[in-house]
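Listed below are the residues making up each chain.
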Protein chains: 2
Amino acid sequence: MTRIDDVARLAGVSTATVSRALRGLPTVSAATRRRVQAAAEQLQYAVSPSASRLAGGKTGTVAVVVPRITRWFFATVVEAVEEHLHQNGYDLLLHNLGGREQMRRRVLRTASLHKRVDAVILVATPLRPADVTALTKLDLPGVTISSGSEVPGWPCVRIDDVAAARTATRHLLDLGHTRIAHISGDPDDELAFTTHLDRRRGYQEALRAAGLRPDPGLDVESQFTIDGGTRATAELLARGEPPTAIFAACDEMAMGAMTALRDAGLRVPQDVSVIGVDDHDLAGVLGLSTIAQPAAEQGALAARILLDPLGGRAEPYPGLVPVPRGADADGAPPPPVILPTRLVVRESTAPPRAH
Amino acid sequence: MTRIDDVARLAGVSTATVSRALRGLPTVSAATRRRVQAAAEQLQYAVSPSASRLAGGKTGTVAVVVPRITRWFFATVVEAVEEHLHQNGYDLLLHNLGGREQMRRRVLRTASLHKRVDAVILVATPLRPADVTALTKLDLPGVTISSGSEVPGWPCVRIDDVAAARTATRHLLDLGHTRIAHISGDPDDELAFTTHLDRRRGYQEALRAAGLRPDPGLDVESQFTIDGGTRATAELLARGEPPTAIFAACDEMAMGAMTALRDAGLRVPQDVSVIGVDDHDLAGVLGLSTIAQPAAEQGALAARILLDPLGGRAEPYPGLVPVPRGADADGAPPPPVILPTRLVVRESTAPPRAH
DNA sequence: CTGAAAGCGCTTACAG
DNA sequence: CTGAAAGCGCTTACAG
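Everything quoted here is computed from the prediction, not taken from an experiment.

Caption draft 1: Representation of the packing of helix α10 (residues 226-238) of chain B against helix α11 (residues 251-263) of chain B in the model. Residue and element names in this part refer to chain B. For the pair α10 and α11, the least separation of the axes is 6 Å and the interaxial angle reads 50 degrees. As far as their axial angle goes, α11 and α10 are oblique. Every pair of crossing elements has a handedness; the one defined by α10 and α11 is right-handed. Contacts from Ile226, Gly228, Gly229, Thr230, Thr233, Ala234 and Leu237 of α10 reach α11 at Glu252, Met253, Gly256, Ala257, Thr259, Ala260 and Leu261. Among the residues forming the contact of α10 with α11, the class breakdown is 7 nonpolar, 6 polar and 1 charged.

Caption draft 2: Region of the structure containing the protein's contact with DNA strand D. Close to DNA strand D lie 25 residues; Thr17, Arg20 and Thr32 of chain A together with Ile4 and Ser19 of chain B are nearest. When the atoms of DNA strand D within 4 Å of the protein are grouped by moiety, sugar and phosphate amount to 73% of the total. In the model, a phosphate oxygen of DNA strand D is placed 2.3 Å from a nitrogen or oxygen of the Thr32 of chain A side chain. Tyr45 of chain B has a polar side-chain atom sitting 2.8 Å from a sugar or linking oxygen of DNA strand D. Grouping the constituent residues of the surface near DNA strand D by class yields 12 nonpolar, 9 polar and 4 charged.

Caption draft 3: Layout of the protein's contact with DNA strand C. Looking at DNA strand C, there are 26 residues lining it, with Ile4 and Ser19 of chain A together with Thr17, Arg20 and Thr32 of chain B nearest. In DNA strand C, atoms within 4 Å of the protein come 73% from sugar and phosphate. Between a phosphate oxygen of DNA strand C and a side-chain N or O atom of Arg23 of chain A, the distance comes to 3.0 Å. Here a phosphate oxygen of DNA strand C sits 3.0 Å away from a polar atom, N or O, in the main chain of Ser14 of chain B. Broken down by class, the residue content of the surface near DNA strand C amounts to 12 nonpolar, 9 polar and 5 charged.

Caption draft 4: The arrangement of the packing of helix α1 (residues 4-11) of chain B against helix α3 (residues 30-43) of chain B in detail. Residue and element names in this part refer to chain B. Look at α1 against α3: their axes get within 9 Å of each other, and the N-to-C directions meet at 125 degrees. One finds that α1 runs oblique with respect to α3. Taken as a pair, α1 and α3 cross one another with a handedness that is right-handed. On α3, the residues that touch Asp6, Val7, Leu10 and Ala11 of α1 are Arg35, Val36, Ala39, Ala40, Gln42 and Leu43. Residues that form the contact of α1 with α3 fall into these classes: 7 nonpolar, 1 polar and 2 charged.

Caption draft 5: Local environment of the pairing of strand β4 (residues 142-145) of chain A. Residue and element names in this part refer to chain A. Of the two faces of β4, the one carrying Gly142 and Thr144 and the one carrying Val143 and Ile145 are both buried. Pairing analysis gives 4 bridges linking strand β3 (residues 119-123) to β4, with the strands arranged parallel. From the neighbouring strand, Val123 faces β4, where its bridge partner is Ile145. Each parallel crossover has a hand, and the one from β3 via helix α7 (residues 129-138) to β4 is right-handed. Note: β4 against strand β5 (residues 156-159), 2 bridges, orientation parallel. Across the sheet, residue Thr144 finds its bridge partner in β5, namely Cys156.

Caption draft 6: Examining the interface of chain A and chain B more closely. Between chain A and chain B, the residue contacts involve 47 residues of the former and 46 residues of the latter. On the chain A side of the interface with chain B, the three residues burying the most area are Glu79, Lys115 and Val285 of chain A, jointly 15% of the side's total. Counting across the chain A and chain B interface gives 4 salt bridges. In this assembly, chain A and chain B are joined by 18 residue pairs in polar contact (both at pLDDT 80 or more). At the level of secondary structure, the elements contributing two or more residues to the side of chain A that touches chain B comprise α4 (49-56), α5 (72-87), β2 (91-96), α6 (101-109), α11 (251-263) and α12 (283-286) of chain A. Here the side of chain A that touches chain B gets 7 residues from one element, more than from any other, and that element is α5 of chain A. Its residues placed into classes, the side of chain A that touches chain B shows 19 nonpolar, 14 polar and 14 charged.

Caption draft 7: Structural context of the relation of the copies chain A and chain B. Of the transformation placing chain A onto chain B, the axial shift is 0.0 Å and the rotation is 180 degrees, giving an RMSD of 0.1 Å. Both copies are brought into coincidence by an operation consistent with a two-fold rotation axis.

Caption draft 8: Up close: the packing of aromatic side chains. Scanning the model with the defined rule gives 6 aromatic pairs over all chains in all. Arranged with centres 6.4 Å apart and planes meeting at 45 degrees, the rings of Trp72 of chain B and Phe73 of chain B form a pair that is tilted. Between Tyr203 of chain B and Phe247 of chain B, the ring centres sit 6.4 Å apart and the planes meet at 40 degrees, which makes this aromatic pair tilted. Within this pair, whereas Tyr203 of chain B is found in helix α9 (residues 195-209), its partner Phe247 of chain B is found in strand β8 (residues 245-248), the two being separated by 44 residues in sequence. Tyr203 of chain B gets classed as buried once you look at its relative accessible area, which sits at 1%. Taken together, Trp72, Phe73 and Phe74 of chain A form an aromatic cluster joined through their ring pairs.

Caption draft 9: Layout of the sheet that holds strand β10 (residues 289-292) of chain B. Residues and elements named next belong to chain B. Taken in spatial order, the 6 strands of this open sheet run β7-β6-β8-β9-β10-β12, and their pairing is mixed. Where the open sheet ends on each side, the last strands, each with one partner, are β7 (219-222) and β12 (342-344). Adjacent strand axes in the sheet meet at a mean angle of 20 degrees when their direction is disregarded. Where strand β9 (residues 273-278) lies against β10, 4 bridges are found, and the strand directions are parallel. The residue of β10 that forms the bridge with Gly276 is Thr290. On the sheet, helix α8 (residues 161-174) packs against β6 (180-185), β8, β9, β10 and β12 and is oriented at approximately 170 degrees with respect to β8.

Caption draft 10: Up close: α9 of chain B. Residues and elements named next belong to chain B. For α9, with 15 residues, the first-to-last C-alpha span of 21 Å sits near the 21 Å given by 1.5 Å per residue. Those residues of α9 that fall on the buried side of the exposure criterion are Thr195, His196, Asp198, Arg199, Arg200, Gly202, Tyr203, Gln204, Ala206 and Leu207. Buried residues along α9 sit in contact with β5 (156-159), α8, β6, β7, β8 and β9. Immediately beyond the C-terminal end of α9, within one or two residues, lies Gly211, with a positive phi of roughly 80 degrees.

Caption draft 11: Focus on the side chain of Ser348 of chain A. Residues and elements named next belong to chain A. Within the secondary structure, Ser348 is located in the segment after β12 (342-344). Within polar-contact distance, the side chain of Ser348 engages the backbone nitrogen of Ser289 at 2.8 Å. Residues contacting Ser348, with those up to four places away along its chain left out, are Met258, Val268, Pro269, Val272, Ser273, Val274, Gly287, Leu288 and Ser289.

Caption draft 12: The arrangement of the pairing of β5 of chain A in detail. Residues and elements named next belong to chain A. Of the two faces of β5, the one lined by Cys156 and Arg158 and the one lined by Val157 and Ile159 are each fully buried. Bridge analysis of β5 against strand β11 (residues 337-339) gives 3 bridges, and the strand direction is parallel. Bridge pairing links Arg158 to Ile338 in β11.

Caption draft 13: Region of the structure containing the nonpolar core. Core analysis: the largest hydrophobic core is formed by 81 residues, its most contacted members being Ile183 and Phe247 of chain A together with Ile183 and Phe247 of chain B. Setting aside its immediate chain neighbours within four residues, Phe247 of chain A contacts Ala165, Ala168, Thr169, Leu172, Ala181, His182, Ile183, Arg199, Tyr203, Ile275, Gly276 and Val277 of chain A. In this structure, Val143 of chain A together with Val64, Tyr90 and Leu92 of chain B belong to the second largest nonpolar core, which totals 60 residues.

About the thresholds
Residues numbered from 1 in each chain as written. Chains lettered and ligands numbered in written order. Predicted model: local features only at pLDDT ≥ 70, side-chain atom pairs only at ≥ 80, totals over all residues. Heavy atoms only, no water. Axes fitted to C-alpha atoms, helices over the stretch in contact; angles between N-to-C directions. Helix = DSSP H or I, 4+ residues; strand = E, 2+ residues; numbered from the N terminus. Parallel < 35°, antiparallel > 145°, perpendicular 65-115°, else oblique. Left-handed = near helix turned anticlockwise from the far one by under 90°. Contact = heavy atoms within 4.5 Å. Nonpolar A, V, L, I, M, F, W, Y, C, P; charged D, E, K, R; others polar. Near = heavy atom within 4 Å. Polar contact = N/O pair within 3.5 Å; in protein donor to acceptor, adjacent residues only side chain to side chain. Buried < 20%, exposed > 50% of the residue type's maximum accessible area, 1.4 Å probe, protein only. Pairing = 2+ DSSP bridges. Right-handed = clockwise from strand over helix to strand, strands pointing away. Buried area = accessible area lost by both parts, 1.4 Å probe. Salt bridge = Lys/Arg side-chain N within 4 Å of Asp/Glu carboxyl O. Least-squares fit on C-alpha atoms with pLDDT ≥ 70 in both. Phe/Tyr/Trp six-rings, centres within 6.5 Å; stacked < 30°, edge-to-face > 60°. Expected span 1.5 Å × (residues − 1). Core = buried A, V, L, I, M, F, W, Y, C linked by side-chain atoms within 4.5 Å.

So, in structure tokens, the structure goes:
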């Protein structure tokens, strides 16, 4: 393997100059830089990341922590983050919690991030006080995506979950539904995040605004997955008279609900309307009405926010107000960047049948 | 940050001993090890990966290259790989090609992997000769998943794509179909992989075995995505009399086909049967018949194969014949490890209507 | 079983 | 604009 001194020798300069020239530092004459680049090229030189990191103190790596890479939202976010990171010369270290509480603890409270990355992007990762403490001690810049994982000094990119849920519920109300069920995340789940609490709040707010009282019998908790949606809906149906509409806290739950309804002999939307949140890739295939949220945009934006101060080559996000960075001493955390959502009406929602 | 000599001082030993004790090398007395561990704990010492890598020559990191993390198969593989890797103390560097040819070149022919990882897992990544050369020059151990990306000396984990396609097609034949269309990957796509060629072969073989001649008019090429399936099916329908059944090369294409059929006013399976390959998470929700392939198992197995010789702590894969490793000089590549597939019949396939 | 010393391959003040 | 030298924080023969 050729090393930096091989290049230095061939170019007739010091290793310090090679280092500066190859990294594009401005304090190198154009002629020298060309000579160094030519030598590096000729020798097929590639810097040793370990040596560079040890000497320079920067890892050129960003950790991305997601609950489950197999879920649509997280995969989409990761894809967008990855693109931005690599475009800017950063590597992406992936941590997938896989839904296991013990794994989250492993990632956040041990040395998995320590001295390994320059920054962290936390996606919908629920944080206990001990996690926040551990994260703060790492003394790294970071960005969170989704609500429920606020870290002091870290910007947060997300949607307005309460508003999204309100819009979904109002859509059902506007169609004439009054028996509207809600299926959502389980707070007893060790990996519970607060997203589902916000979505439930929006659901209840919309009902109340329409003069209806939320009925606990129509509110079932389960996992944020297809199976979770199926199980929640099966339970709902087992409780007695079915609702005329279901607002699922995410599209995957909504899809599970559609399965359970079909298995119970109920038609969507003739017997029961269903709406979710996400605009999953397959929402169109299933004709699922939903509240679309910009997943890729959230990932891209988070990466940008991170990369700007890190010295990435990204241009500033167009129209983005500079995000306050670093723990503002005793100040307030930076305000969240809230991206817009949008009601998408497909075939899964319709007026209730006349009685 | 506490360093190794802080621990050495507190424990009253040399840094060499600390290094050995903390890494669990056998040449340390139990008493010393305990003392070192206690000191490390007390000081909250965590080894500096960069220093360790530079001195030791190992990165403790594995690169995983996938075409698109947003597709079901790849996300599922990555999740399984991630779990094994982290369980064994390895970090996972994610490279998502995002369907762009130029990105593949970037990853495979530049320094993105050079000196950064101890090994590589390549998932369904199409390789040109230049890529193989670059990869070989890296001189790293690796495993490929899926066909179409053979690297000399690297074990390959996959399914039998030809057989899977044969089974799917035979299922349609057995139901009585004779006008069976096929929608598959586009060989003109810069990111084309050979999986779809194998699946087409199986399709044609099954037809021939039934005494039918493959009709080029019933064979449409498109992307391996939902949209690709929709477009391919739309084109198929535009060609004239629709087929009575469609074998899609993957579930995502099959789902796209279902959408296109619905939009054309055709019912599944009454008018057209549809079958895919994968057993996607949502295949059940859509009632899609398919050939199930073990995605997570392929990922887990690839990680295991890689980790064993790397000195991971994984137990040998139960029942796995030791996989030949390293370029066998001028010998043959190691034989692929082929995992079983399984026909799953749901509601999307049925006998054709009587004429 | 343990230690002293060299070395891994860079980057960074510092000096000019 | 460039170089000599120190230093980043470990691991690894080597010797005992």
